[in-house]
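# Secondary and tertiary structure notes
Here is how the chains run, residue by residue.
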Amino acid sequence: MHSPRASVIRFFKIWVGALIWVSLGWMGIPVNATAPVPLGREWDKALEPLTTLPVQDTGFIRSALTYAQTRLIAISGDNSFGRRPALAVILPMMADSEAAHSVALIKIENPDLGKIFGGKTLNLNTFHKTELYEKMRSLYREEESRLRRGTGGAGGKANRYLKPISLLEERAETIDKVAEDFAIIPAKDSWLSPTQLAQRLRAGEQAPDAVDMQILQAWDDLCNAIRANNPEVGAQAAESLRQRVFDAVAAREVELPRLRLDAFYQQVHPFAKSAFFYVFAALFYGGSLLFSQMSRFWSRLKWVGYAFLILGLGAAQVGIVCRWILAGRAPLANMYESFTFATAGMVLVALVFEAIYRNRLAGFSASVLGFIFMVTAHKLPIFDSKINPLMPALDSAWLTYHVVTIMLSYSAFALSFIVALVYLVKDFGGGDATPIAPLKRLPSLNSLDIFNYKIVAVGFPLLTVGIILGAVWANTAWGRPWGFDPKETWSLITWLVYAAYLHVRFLAGWKGRRAAIIAIIGFACVLFTYIGVNFWLPGLHSYA
Amino acid sequence: MSQTPSTKRLWHMTPWKWLFSLKIGVILLVVITGVSIAGTLISPLDRALALVYYTWWYKSLLLLLALTMACATWRNVVEVVLPAFHPRFLKNEAAYRNRKPGAVLRFQGTVEEVAAAFRAKGFRTALDGTFGYAWRGKIGRLGAPIAHLGLIVVLVSGFAAGWVSREGSVTVLEGQETRTLVMVPNYLAAGQIRDWKGFCQAVNTGRKNSAPNPGKQIWTRLGDAVDSHTGHSGLSHGQNLLLELAGEKRVPYEYAEELAKELNNAVLVRRDFYTPESFQEVTLPVEAETILARDIRSRSGDDLIRLNRLALEAAYPEWIKKSESVELDFTIRCDDFRVSYHPRTRMPSEFVSTISCPDTTPPVVGETVEVNRSLVVNGWTLHQTSYPEGQGVRFAVQVSDLKGTVDLEISPGQKRPVPSRPGIELALEAMPPYNWTLSAPDMLTARGTLMGGSGATSTPNAPNLSGGGISVRAMQFEPDFVVQPGRKFASRSQELNNPALCVALLQGGQELGTYWLFGKPEMKEMMRNMMHQKESAWELDLVRVTGAAPNYQMLVSAKKAGSTEVAREFTLSVGQETPLEAASSQTTTSETLVSAVPSSVASNSASKSSDEPTVKLIGKVPTYYTVLTLTRNPLVPVIYGGCVLMMVGLLLAFSVRRQEVWFWVRPGEKTSLLVTAHYRLARDTFDRSVSGALRKICPNESFTSGEETEGDRER
């Protein structure tokens, strides 16, 4: 039951709204001229046929769902908006440029820029109209020119805004080109988007083709239905568009990839699911590790953790296989791919170690690190989850051999790092005779030390083989096995640190704390080789 | 179980001690690691190479590490590994009682029985009276020495490769050839100046002199390049950079890179840089004198750059590295260069050079070189590096013969093999009208002329059919018409999905215009209102297409403008011309223009000539230089051998489980068995195999054993 006050307000709203509606109509001003962004739930059924509609995007033919998600992520940093799926957001933006300009989708990550623009998101109209934007652009240009001249910068405000503004511009450009890039008109080589086809026809650059015209018509119908917010008509137009595109694909004998698999990969997000499983595994392993002496129940919890870890690995494997099939190559071509692969490798190494040595510390370490790594891979902007085409330098079978061995060695070193960390924590907490109860329940220092050695004994030969394979590849591609590229040099440095770990352990008896410290230094070198070099020391391996 | 040497060995003698010392080895590892880290902080890589990695002291450190490793490995092999392969017996009771893992068990049997139990578990055994020794996996001891040996081989051969390996680059324009391998290019790079500060100070000193000299000349030429970077002082960007680099203040290395570019643009390519007055006190090398001796008009652009570079090197020998190029013992010809992109991206998917080396034995013909797929010629390995765009004309043509069609690109003046047609070569004359010749050892030569853009072909002396009336010529036919980017008309396929014929109306030898005729009704509808049809006195229509690719026959109808009745119908194939006003319904086969026919059958009919090879122009394409890196390193197999040794060594060292067991059946009132064991990784308990053997012979005895290692046992 509404209160009398609420009823009055409701009554007032309805009648004032109706009055404005009628007045605008009478004045000839179009009502509801822009498409709703995002489309409402009533559109879900209408959008269904478009999920697996083929779109050519950055060298691949992908599903429309993937196209929408990658564009939405590029604009807003998220794959949904207002709890609505990406297609429901991107389609109206393509259908109506005014709608695309008016919806506040562009994410502002920089807090200073957020203050200037008055929020965490902004729309294209605000972005382009604001005077502040112009002011910042001039600062940006000044800074850029100063950097180009090599006269250095004082590191003022312009310097701080250099990247964020550039990012905002990229996001704005993505919105501007969202319709133009939607290449659904099939061809043997380069597909066209309806927008491009219409432009070419208008300019007389292309003769109309019956098949193309049918697709164009179906697309126009869909756009009109979206603008009119009419899901019934939209459903028919979507079905018709899908039919026309697939007819054209058949007529032009274009080979399509597995679009259903593509849509499945985008909808399920296997790597995100693996993070979910890892966090549960970590909880159960942690409980088991700390409270196993309280009762058998707690001890047996490790098996639940083990099962969750296997589930996480399974999900990651599904993700890897999906990407492999969709890209038509091993998914090891960029940092996101190698990072997810290394995480899966680390979990695999941990499971093998646990199976052999019955040491739940391996499972615990892998589940904690697995969760952290997966969240990092999906949240940090340096990791691009898009499937990109391969550059010629990477188009080689050596890519798989070299990167797989290197990543497996990194996986082992990551585990070794956690074990070394646990060693040091326990050591500083009083060692085996520690009075701190949780530390008491951890394996003995000697066990941790030997366990750490065993992990390094797996990682070191893998790293050696990986570096050798890389040298063979370099000789094939560039004509020299070693060129002191920063990545190569840092991999040598990492190798030297772990070589030192093994030598001082065997020959000088450096075990325990000192060995743990070297293992931690070694992993710091691994991280710098893997991530740091790409950002601070660019070279031939900058893509890796 | 280390052995004390009975004799004094080399590693105990003072002068050599340090070579065998672990401390020195570890110190070297730390120093090399630190220096390598420092090297990565130097940018760009060329400079890091010059300052650190290619210096004598860095190489010495690596060699010293190799030497230390070799000595330590030798010592280890002599002292530890070789003695370990001989059976050793523990005959001291205290050793059995004090060592871990160890056990004293009641046992009534003989030492042979104990040995048999261990043999059953896969051990090898040796006996000395009542003492026994069992071992397994001793080969693992060889792992570390083999791995070290592998690393030594890699380091030493890598060091030696610095002397014996050669590397250079070859830059060839498509359709051209070269024998010059450039080791250090003429154009200046930042790394080619040994000391920028010294060089800039020398130039700065020279420019202050009143008399003409190289420094003054460099300064003046840099001053000519006034650009947007010109500062308030009125100096050019290059002059400012030079002064900054000559100053006392440390400046970023990017300045040097920038000045190198300025010098290339303002000095090296300038015709007025070298003047006898400015370089009168400089002794030029013979090569420069040779260039100067040539007539100024016959000097090419490359000669000019070379001359300027040689003059610079002669003027500042202590600062500028000498440019170097050598003559190869074979010719490299770039027949073709192809770059393709991933659809809807600017990212290249591949770039491929087609290379021929005609003077090798056997000759290399049409081999491809691309990234990751190199080519070996006369001991040199050719690697694809880059592809700057060149200037000039290059044609995309289509060669048609009985086997079908082949698309290829060719430059004027080029002769290249036709892909997938072994032995057949296509040659194009260097100048318009670009006569072509298709030749093969066992076939008659076909000749013709490319006609720019139309795609039609004709002989230079073709009869003029049109006379004073209007005639129509079929210029181009596309069975599945599409307009590609850049307004390039092409076919999606060879299927007749959207047939389109391009015709030219000619009058008195003059082209009135070209028109596209379409076969599909909807396309005709669209074209009906186009202007050119209205302007013409004739309306043409493509009625039907017969035949198969590439020999299509097009039936065209013609009617007078405004008339509804068809006045003429005639069949055309590409290249054919027919008088419109006198055209009959029959094809003017006897008057067909034949473009590519062997000389012996030049007068044959069109139906026959259509079987002859023809060359059709598709369009013009960009020209590229291909840059190939040539390497020759005879030590690469040795380096790989060292790598294999390392991998084998590591495999042995880390994967073989080494076990040694000593046992003694002590006689006495109560016979007992004393056992102790040694594992690669120290542990307090017997492992599964030793425990199994002991349980078999002493089933009622208890001793410490474990399925897992002590270290792995969980609480």
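Structure's up top.
For the structure given in this document, a descriptive report is provided here. None of the values given here were measured: they were computed from a predicted structure.

### Re the overall build of chain B
- On a plain count of helices and strands, chain B comes out with 18 helices and 32 strands.
- Expressed as a percentage of the 715 residues in chain B, the buried residues total 48%.
- Put simply, 58% of the contacts in chain B that link residues at least 6 apart link residues at least 24 apart.
- Taken as a whole, chain B presents about 35,100 Å² of accessible surface, with 54% of it coming from carbon and sulfur.

### Considerations on the sheet that holds strand β24 (residues 538–546) of chain B
Residues and elements named next belong to chain B.
- Ordered by their spatial adjacency, 3 strands build an open sheet running β24-β25-β26, and the pairing between neighbours is antiparallel. Bordering the open sheet on either side are β24 and β26 (568–572), each of which pairs with just one other strand. Sheet twist, expressed as the mean angle between neighbouring strand axes with direction ignored, is 25°.
- Relative to β26, strand β25 (residues 553–560) runs antiparallel, the two sharing 5 bridges. Bridge pairing in β26 places S557 opposite E569.

### Here we look at the sheet that holds strand β1 (residues 102–106) of chain B
All names here are of chain B.
- In space, the 5 strands of this open sheet follow the order β1-β32-β31-β3-β2, with antiparallel pairing throughout. Looking at the sheet topology across the chains shown, the edges are occupied by β1 and β2 (124–128). Strand after strand, the sheet turns through a mean of 20° between neighbouring axes, direction not considered.
- Bridge analysis of β2 against strand β3 (residues 131–136) gives 5 bridges, and the strand direction is antiparallel. Directly across from A126, in β3, lies its bridge partner Y133.
- Seen against the sheet, helix α6 (residues 111–120) touches β2, β3, β31 (659–666) and β32 (672–679) and runs at an angle of roughly 160° to β31.
- Running at roughly 170° to β32, helix α18 (residues 688–697) makes contact with β1, β3, β31 and β32 of the sheet.

### Quick look at the packing of aromatic side chains
- Applying the stated rule across the entire model yields 43 aromatic pairs over all chains.
- Each ring, one from A:F277 and one from A:F308, has its centre 6.3 Å from the other, and the planes form 35°; the classification is tilted. Remark: A:F308 occurs in helix α15 (residues 296–327) and A:F277 occurs in helix α14 (residues 270–291); sequence separation between them is 31 residues.
- A relative accessible area of 18% places A:F277 in the buried class.
- Linked through ring pairs, A:F276, A:F277, A:F280, A:F284 and A:F308 together constitute an aromatic cluster.
- Of note, A:K302 hangs over the ring of A:W303, and the distance from its end group to the ring centre comes to 5.1 Å.
- When the ring centre of B:W135 is taken as reference, the NZ or CZ atom of B:K138 above it lies at 4.6 Å.

### Observations concerning the side chain of B:T360
Residue and element names in this part refer to chain B.
- You can see T360 is positioned in the loop between β7 (348–357) and β8 (364–370).
- We classify T360 as buried; its relative accessible area is 8%.
- Among the polar contacts made by the side chain of T360, one reaches the main-chain carbonyl oxygen of P362 at a distance of 3.1 Å.
- If we ignore the near neighbours within four places in the chain, the residues touching T360 are F330, V377 and N378.

### Remarks on the pattern of salt bridges
Residues and elements named next belong to chain B.
- The tally for this structure, following the rule as stated, stands at 34 salt bridges over all chains.
- The closest approach of N and O atoms between E324 and R166, which form a salt bridge, is 4.0 Å. Here R166 lies in strand β4 (residues 166–173) and E324 lies in strand β6 (residues 324–341), a separation of 158 residues in the sequence.
- Looking at E324, the relative accessible area reads 37%, which means it is partly exposed.

### Here's the deal with the interface of chain B and chain A
- Of the residues lining the interface, 64 residues belong to chain B; the matching set on chain A comes to 79 residues.
- Taken together, both faces of the contact between chain B and chain A bury some 6,100 Å²; the carbon and sulfur share is 61%.
- In this structure, the connection of chain B to chain A is made through 1 salt bridge.
- The closest approach of N and O atoms between A:D181 and B:R344, which form a salt bridge, is 4.0 Å.

### Concerning the packing of helix α8 (residues 196–208) of chain B against helix α10 (residues 237–246) of chain B
Residue and element names in this part refer to chain B.
- Two elements in contact, α8 and α10, have axes separated by 8 Å at closest approach and are oriented at 115°. Handedness of the crossing formed by α8 with α10: left-handed. From α8, W196, K197, C200, Q201, V203, N204 and R207 reach across to α10, where they touch L242, L243, L245 and A246.
- A breakdown of the residues in the contact of α8 with α10 according to their chemical character gives 7 nonpolar, 2 polar and 2 charged.

### Description of a nonpolar patch on the surface
- A cluster of nonpolar side chains, A:L380, A:I382, A:F535 and A:W536, forms an exposed patch at the surface whose accessible area comes to about 430 Å².
- Along the chain, the position of A:L380 falls in the loop between α17 (360–379) and α18 (397–428).

### Examining the side chain of B:T676
Residue and element names in this part refer to chain B.
- Mapped onto the secondary structure, T676 falls in strand β32.
- Of the residues examined, T676 reaches a relative accessible area of 0% and is grouped as buried.
- Within the structure, T676 has its side chain in polar contact with the backbone oxygen of P101 (distance 3.0 Å).
- Dropping the residues within four chain positions of it, T676 is found in contact with L90, Y96, R99, P101, G102, E660, V661, W662 and F686.

Parameters and conventions
Position labels on residues start from 1 in each chain and follow its written sequence. Ligands are numbered from 1 and chains lettered from A, in the order in which they are written. Under the rules for a predicted model, residues below a pLDDT of 70 receive no local features and side-chain atom pairs below 80 are neither given nor counted, while totals for whole chains, interfaces and linings still include all residues. Each side-chain value is worked out from all heavy atoms of the structure, with water and hydrogens disregarded. Secondary structure elements follow DSSP: runs of H or I of four or more residues count as helices, runs of E of two or more count as strands, with numbering from the N terminus. The rule is simple: take the accessible area with a 1.4 Å probe, protein chains only, and divide by the maximum for that residue type; under 20% is buried, over 50% is exposed, in between is partly exposed. Working rule for contacts: check all heavy atoms of both residues, and any pair within 4.5 Å makes them a contact. For accessible areas, the Shrake-Rupley method is used with a probe of radius 1.4 Å. Any residue's cover is judged against the shown protein chains and nothing else. A strand pair is defined by DSSP finding two or more bridges across the two strands. Every angle, taken between N-to-C directions, lies between 0 and 180 degrees, and every axis is a line fitted to C-alpha atoms, over only the stretch in contact when it is a helix. In this analysis, rings of Phe, Tyr and Trp, with Trp reduced to its six-membered ring, are considered paired at centre separations within 6.5 Å, and the interplanar angle assigns stacked below 30 degrees, edge-to-face beyond 60, and tilted for intermediate values. Either the NZ atom of lysine or the CZ atom of arginine qualifies as a charge over a ring when it sits within 6 Å of the ring centre and within 35 degrees of the ring normal. Any N or O atom pair separated by 3.5 Å or less is treated as a polar contact, with the protein-specific requirement of one donor-capable and one acceptor-capable atom, and with residues adjacent in sequence counted only for side-chain atom pairs. Here, a salt bridge means any side-chain nitrogen of Lys or Arg that lies within 4 Å of a carboxyl oxygen of Asp or Glu. Note on definitions: buried area is the accessible-area loss of two parts on being combined, 1.4 Å probe, summed for both. With the far helix as reference, a near helix turned anticlockwise by less than a right angle produces a left-handed crossing, and one turned clockwise produces a right-handed crossing. Gly is put with the polar residues, along with every residue not named as nonpolar or charged; the nonpolar set is Ala, Val, Leu, Ile, Met, Phe, Trp, Tyr, Cys and Pro, and the charged set is Asp, Glu, Lys and Arg. The patches described consist of residues with a relative accessible area above 30% and no salt bridge, like charges being joined within 9 Å and nonpolar side chains (Val, Leu, Ile, Met, Phe, Trp, Tyr) within 5 Å.

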